[in-house]
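Listed here are the chains, written in short residue letters.
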Amino acid sequence: MCGLAGFYSFTDTWKLDKPTLVRMLADIQDRGKDATGYATQVKPGGKFFYGKAPMLVAQFATEFLGKPEVPVGFAALLHTRSASVGSEKDNRNNHPICHGDVIAVHNGTINVADVAKAYKEINITPIAEVDSSIFPVLLHEMGIPKGVAYMNKNLAGTGAVVALLRDGSLFMARDGRPLYLGRTKEGIVWSSDGDSVLNVIRQEGLMGQFWGSLCRFEPYTYLVLNRNGKVAEAGEFKLPTYFGFLPMAGYQAATSQGAVDVCDWPGCAKKSRSMVARDSKILNLCNKHVNKANQFPKLPF
């Protein structure tokens, strides 16, 4: 079990700030305490910026909030990982995972034998040991329609997947795992935790309005959104059921460091994992860095 969250803006005037993103990470930390990650893109067609490390949200937030060079673009992918396949000590296994023109986060588990077979069939050396790595690889190498069709036929397991594409589009898919959506006037927010989405809706002052609606992403579907909020593509996302026990490893990961887009901020990936409780430390960091002209209610952790 892992946690997903994030936002996607349909305009150049609206986005969530860093303290809000940290709060969203804190809301999903109980779903994964082995690693924390973040990805963004400043402009469509540009490089992906992402940082990830085997640490809890409180420690990750120190880097994220304290360094102005860490950008927040028109979208953000957030992830907290509960490691199953692939050690969190190898940062390639942590999320977000980038391959080519796709960067993705995943909550769920895929049969590693199917993952190994997929890598072999498309003649790509595994970019990481983690089973989730196959999602950005298939989406980039095969394209979305063919890639999803391959997943539906060949990748046994479950999952919710959110990916940012190089052209600025957003891919979202859900097969069994929770994923809640909220709409603002200028974009969407999502999370594995429905209350987290409601907290953002309250912050934006939209509670009770049409724009502030909360819904669960329709299961067994995928869609692609473009920057103007239109659905560019949609279809079925229904992975085959897997009844066996999932082994912890099934193939050898590549030894290379992966995509050229990696831009971990200084010190993030080098720190050892710290079992810091999810407590007022996160709240204090948020309050320290929040824009005082745009305060939002304190939330319990």
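All of these numbers come straight from a predicted model, not from anything done at the bench. (Residues numbered from 1 in each chain as written. Predicted model: local features only at pLDDT ≥ 70, side-chain atom pairs only at ≥ 80, totals over all residues. Heavy atoms only, no water.)

Participant: Would you mind going over the side chain of Arg166 with me for this structure?
Facilitator: Considering the arrangement of structural elements, one finds Arg166 in the loop between strand S7 (157-165) and strand S8 (170-175). According to the relative accessible area criterion, Arg166 is buried, its value standing at 16%. Polar side-chain contacts of Arg166 include one of 2.7 Å to the backbone oxygen of Gly100. (Helix = DSSP H or I, 4+ residues; strand = E, 2+ residues; numbered from the N terminus. Buried < 20%, exposed > 50% of the residue type's maximum accessible area, 1.4 Å probe, protein only. Polar contact = N/O pair within 3.5 Å; in protein donor to acceptor, adjacent residues only side chain to side chain.)

Participant: Before we go on, may I ask you to explain the pattern of salt bridges in this structure?
Facilitator: Any two side chains of opposite charge can pair, given that their charged atoms come close. Throughout the structure, instances matching the rule amount to four salt bridges. The partner of Asp90 in a salt bridge is Arg92, and the shortest N-O contact between them spans 2.7 Å. Classification of Asp90 by relative accessible area gives partly exposed; the value is 24%. Judged by its relative accessible area of 19%, Arg92 falls in the buried class. Measuring nitrogen to oxygen at the nearest pair gives 3.0 Å for the salt bridge that ties Asp101 to Arg166. Linking Asp101 in the loop between strand S5 (97-99) and strand S6 (102-110) with Arg166 in the loop between S7 and S8, this pair joins segments that are 65 residues apart in sequence. Assessed through its relative accessible area of 37%, Asp101 is described here as partly exposed. (Salt bridge = Lys/Arg side-chain N within 4 Å of Asp/Glu carboxyl O.)

Participant: Teacher, can you tell me more about the pairing of strand S12 (residues 221-225) here?
Facilitator: Look at any regular strand and the pattern is simple: side chains alternate between the two faces of the sheet. Among the five residues in S12, four count as buried, and that is most of the element. Pairing between S8 and S12: five bridges, direction antiparallel. Paired with Ala173 across the strands is Tyr222, a residue of S12. Direction of pairing for S12 relative to strand S13 (residues 231-236): antiparallel, over a ladder of five bridges. Its bridge partner being in S13, Thr221 is matched across the sheet by Glu236. Once S12 ends, the chain turns through five residues before running back antiparallel as S13, passing Gly229 with a positive phi of about 85°. (Pairing = 2+ DSSP bridges.)

Participant: Just to check I follow, could you spell out helix H3 (residues 112-121) for this structure?
Facilitator: Given 3.6 residues to a turn, an α-helix orients residues that are three or four positions apart in the same direction. Turning to H3, its buried residues number three or more, namely Val112, Asp114, Val115, Ala118 and Tyr119. One side of H3 holds all its buried residues, which, seen down the axis, span an arc of 155°. Among the residues trailing H3, Asn123 stands out with phi positive, at a value near 60°. (Arc of directions from axis to C-beta.)

Participant: Could you clarify how one ought to interpret the packing of helix H1 (residues 18-27) against helix H2 (residues 57-66) in this entry?
Facilitator: In the contact formed by H1 and H2, the axes pass within 10 Å of each other and the chain directions differ by 165°. It follows from the interaxial angle that H1 and H2 lie roughly antiparallel. Pair H1 / H2 crosses with right-handed handedness. In this structure, H1 contributes Lys18, Pro19, Leu21, Val22, Leu25 and Ala26 to the contact, and H2 contributes Val57, Phe60, Ala61, Phe64 and Leu65. Its residues placed into classes, the contact of H1 with H2 shows 10 nonpolar, no polar and one charged. (Axes fitted to C-alpha atoms, helices over the stretch in contact; angles between N-to-C directions. Parallel < 35°, antiparallel > 145°, perpendicular 65-115°, else oblique. Left-handed = near helix turned anticlockwise from the far one by under 90°. Contact = heavy atoms within 4.5 Å. Nonpolar A, V, L, I, M, F, W, Y, C, P; charged D, E, K, R; others polar.)

Participant: Even after reading the chapter, I still don't get unusual backbone geometry, so can you show me in this structure?
Facilitator: Most peptide bonds adopt trans geometry, and most residues besides glycine take a negative phi value. In this structure, the amide linkage connecting His95 to the following residue, Pro96, adopts the cis form with an omega of 0°. Summarising the element assignment, Pro96 is placed in the loop between strand S4 (75-81) and S5. The phi torsion at Asn123 lies on the positive side, around 60°, for a residue other than glycine. Position of Asn123 relative to the elements: it lies in the loop between H3 and helix H4 (134-142). Residue classification places Asn123 among the exposed residues on the basis of a relative accessible area of 69%.

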